[in-house]
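Tertiary structure, described
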Amino acid sequence: MINIALLGHGVVGSGTAAVLNEKASQLKRVTGQDVALKYVLVRHDYDVDYKEKFVYDFSVIENDEDVRIVVEAMGGINPALDYVTRALNKGKSVVTSNKELVAQHGRRLMELAKEKGVNFMFEAAVGGAVPVIHAVRNCLKANSVYAVAGILNGTTNYILTKMIDEGMSFDRALKQAQELGYAEADPSADVDGIDTCRKICILSDIIFKNHVYPEDVAVEGIRSVHIEDVNILKKHGGCVKLLGVARKAGEKLMVTVAPFAVLDKGVIGATDDVFNSVQVETDNAGTMAFYGRGAGSLPTASAVVNDICECVTAGGPAYEGWNGPKEGFLADVRQVPMRYYLRVEADADKLRADFEGAQVLHSGSETAMITADICGRELEEKLSGYSVKAVLKVF
Ligand code: HSE
């Protein structure tokens, strides 16, 4: 019998309890063991038919040698970090959906798990149900990765989709995302790109093997997206998406979170509603993409319960960690050449003369265009003196 203790009974915790219960016989078949929920750590009672499993003090779980796996679904750093550290120290594997915890402390927790001969797994922390962490860990061993980019926040993608396709107001779309259990407790973590940033940092850690702290990443959320730009891009088959992007820039790594103008009809451009997608660019395999539900109770629980199965069958630490942050590893985003979408109050001919190779999308009293590759710093200089209405990085 593999006993599970669940910390937290919110969107992810309650979904995990439901999946463990509903899939009990399937889990026995795939792991060869009975996998059962023994405890749920809660702050207050809920009206469920497994109330007898509720405990209110983490030390009950910590000191029960029969608990093999602790699932942390509380979110935030405190007290999650303390509980996860104590569980690992007691030789229990930990599965978490907590992106903030992994983005800040994942490296140290991986090291501790390895030292204790157990697992620390966090598939649900990035992309909800999408098994992108398993994919980049397991399936790209014969490749060098140049870039990873994705729609990593279901809430903002849901809001953008509802606003753009259905003309819904921002507030109403956000309220719906909250009701559906997609949004963070403080939805500014979604809207301002902080959640996406944590997730692209975790992907960068695993893929590029040096820890990237969220506070070192340039982040912009969706508050600055204008409907005018969405409409112009739409006419040209494009859209605006909040992306987390990590791309090799010589020996360095550029990591950024921002609303991007997405021009092609690839998987990222076609990812709407709560769905997430992650695109990985590699040498041998070329470009590949992963797509699925990025938030919500059962999709996230799907990833959590799969990690539980991996802990049961792994027989020891399944994965290596990554190195600490490296001085000078991160590139300044404004020094990396890329294309930009601009909307400027100026005549198209004048802008064409200043931006050689630009493609004009719209002209009138304002001009919208896509530049050729240019560094952000140079772009800023060239735009000084112009009345600039919008600047978006291009994906
Ligand atoms: N608030 C997050 C999102 C939840 O909307 O994607 C899943 O991490």
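Scroll up a little and you will see the structure.
These remarks concern the structure in this document. Treat the numbers as computed from the prediction; the structure is a model and nothing was measured. Residues take numbers from 1 onward in each chain, read along the sequence in its written order. Local features in a predicted model are, by the rule used here, given only for residues with pLDDT of at least 70; side-chain atom pairs are given and counted only at 80 or more, and totals for whole chains, interfaces and linings are based on all residues. The basis for every side-chain value is the complete set of non-hydrogen atoms in the structure, without hydrogens or water.

1. Quick notes on the overall build of the protein
- In this description a helix means any DSSP run of H or I spanning at least four residues, a strand means any run of E spanning at least two, and both kinds are numbered starting from the N terminus. Helix and strand counts for the protein come out as 14 helices and 16 strands.
- What you see for the protein is a C-alpha radius of gyration of 22 Å, in line with the 21 Å of a compact globule of 395 residues.
- Considering only C-alpha atoms, the protein reaches an extent of 75 × 45 × 35 Å along its principal axes.
- Accessible area is worked out with a 1.4 Å probe on protein chains only. A residue is then buried under 20% of its type maximum, exposed over 50%, and partly exposed in between. The buried share of the protein, taken over its 395 residues, is 55%.
- Residue contacts are counted whenever heavy atoms from the two residues lie within 4.5 Å of one another. For the protein, the share of sequence-separated contacts (at least 6 apart) that also reach a separation of at least 24 residues comes to 72%.
- A 1.4 Å probe and the Shrake-Rupley method give the accessible areas. Residues count as covered only by the protein chains that appear here. When the accessible surface of the protein is split by element, carbon and sulfur atoms take 46% of a total near 16,900 Å².
- For this count, His and the chain ends are skipped, Lys and Arg are scored as positive, and Asp and Glu as negative. Working definition for charges: the position is that of NZ of Lys, CZ of Arg, CG of Asp or CD of Glu. For the protein, the separation between the mean place of its 43 positive charges and that of its 53 negative charges on side chains is 3 Å. Atoms counted for the radius of gyration: C-alpha only. Globule rule: 2.2 Å times the number of residues to the power 0.38.

2. With respect to the site of the ligand
- Definition of nearness: a residue and a molecule or strand are near each other if at least one heavy atom of the residue lies within 4 Å of the molecule or strand. Close to the ligand lie Lys-99, Asn-153, Gly-154, Thr-155, Tyr-182, Ala-183, Glu-184, Asp-190, Asp-195, Lys-199, Gly-294 and Ala-295.
- Thr-155 has a polar side-chain atom sitting 2.6 Å from an oxygen atom of the ligand.
- Polar contacts here mean pairs of N or O atoms no more than 3.5 Å apart (in protein, one a potential hydrogen donor and the other a potential acceptor; neighbouring residues in sequence count only if both atoms are side-chain atoms). A distance of 2.7 Å is found between a nitrogen atom of the ligand and a side-chain nitrogen or oxygen belonging to Asp-190.
- Within the complex, 92% of the 250 Å² of free accessible area of the ligand lies under protein.
- Those elements giving two or more residues to the shell around the ligand turn out to be helix 7 (154–166) and helix 10 (194–208).
- For the shell around the ligand, the residue count by class is three nonpolar, four polar and five charged. Residue polarity follows a fixed list, in which Ala, Val, Leu, Ile, Met, Phe, Trp, Tyr, Cys and Pro are nonpolar, Asp, Glu, Lys and Arg are charged, and the others, Gly among them, are polar.

3. Some points on the pairing of strand 5 (residues 93–96)
- Residues Ser-93 and Val-95 of strand 5 are buried on one face, and the alternating residues Val-94 and Thr-96, pointing to the opposite face, are buried as well.
- If you view a crossover with the strands going away from you and the path from the first strand over the helix to the second runs clockwise, you call it right-handed. The handedness of the strand 4 (residues 67–72) to strand 5 crossover, carried by helix 4 (residues 80–89), is right-handed.
- In this view, the connection linking strand 5 to its parallel neighbour strand 6 (residues 120–121) by way of helix 5 (residues 99–116) has right-handed handedness.

4. What to know about the pairing of strand 9 (residues 239–249)
- Of all eleven residues that make up strand 9, eight are buried, and the element is covered over most of its length.
- Note: strand 7 (residues 145–151) against strand 9, four bridges, orientation antiparallel. When the bridges of strand 9 are listed, Val-148 appears paired with Ala-246.
- As defined by bridge partners, strand 9 adjoins strand 10 (residues 252–262) across eleven bridges and the pair is classed as antiparallel. Looking across to strand 10, one finds that Arg-247 is bridged to Met-254.
- Should DSSP find at least two bridges between two strands, the strands are regarded as paired. The hairpin turn running from strand 9 into strand 10, its antiparallel successor, is two residues long, and Gly-250 in that turn takes a positive phi close to 65°.

5. Thoughts on unusual backbone geometry
- Looking along the chain, the bond that leaves Asn-78 and enters Pro-79 is cis, with omega of 10°.
- Here Pro-79 is to be found in the loop between strand 4 and helix 4.
- Positive phi, close to 70°, is recorded for Lys-209, a residue that is not glycine.
- Here Lys-209 is to be found in the loop between helix 10 and strand 8 (218–219).

6. Concerning the pattern of salt bridges
- The rule for a salt bridge is simple: a side-chain nitrogen of Lys or Arg has to be within 4 Å of a carboxyl oxygen of Asp or Glu. As enumerated under the stated definition, the model contains 25 salt bridges in all.
- Glu-320 is the partner of Lys-114 in a salt bridge, and the nearest nitrogen-oxygen pair spans 3.3 Å. Here Lys-114, found in helix 5, pairs with Glu-320, found in the loop between helix 12 (297–314) and strand 13 (340–344); they are 206 residues apart in sequence, far enough to count as distant.
- Its relative accessible area of 43% is what places Lys-114 among the partly exposed residues.
- Residue classification places Glu-320 among the exposed residues on the basis of a relative accessible area of 53%.

7. Structural notes on the side chain of Glu-281
- Secondary-structure assignment places Glu-281 in strand 11 (residues 275–282).
- A distance of 3.2 Å separates polar atoms of two side chains, one belonging to Glu-281 and the other to Arg-247.
- Residues within four places of Glu-281 in sequence aside, it is in contact with Ser-144, Val-145, Tyr-146, Ala-147, Arg-247, Gly-286 and Thr-287.

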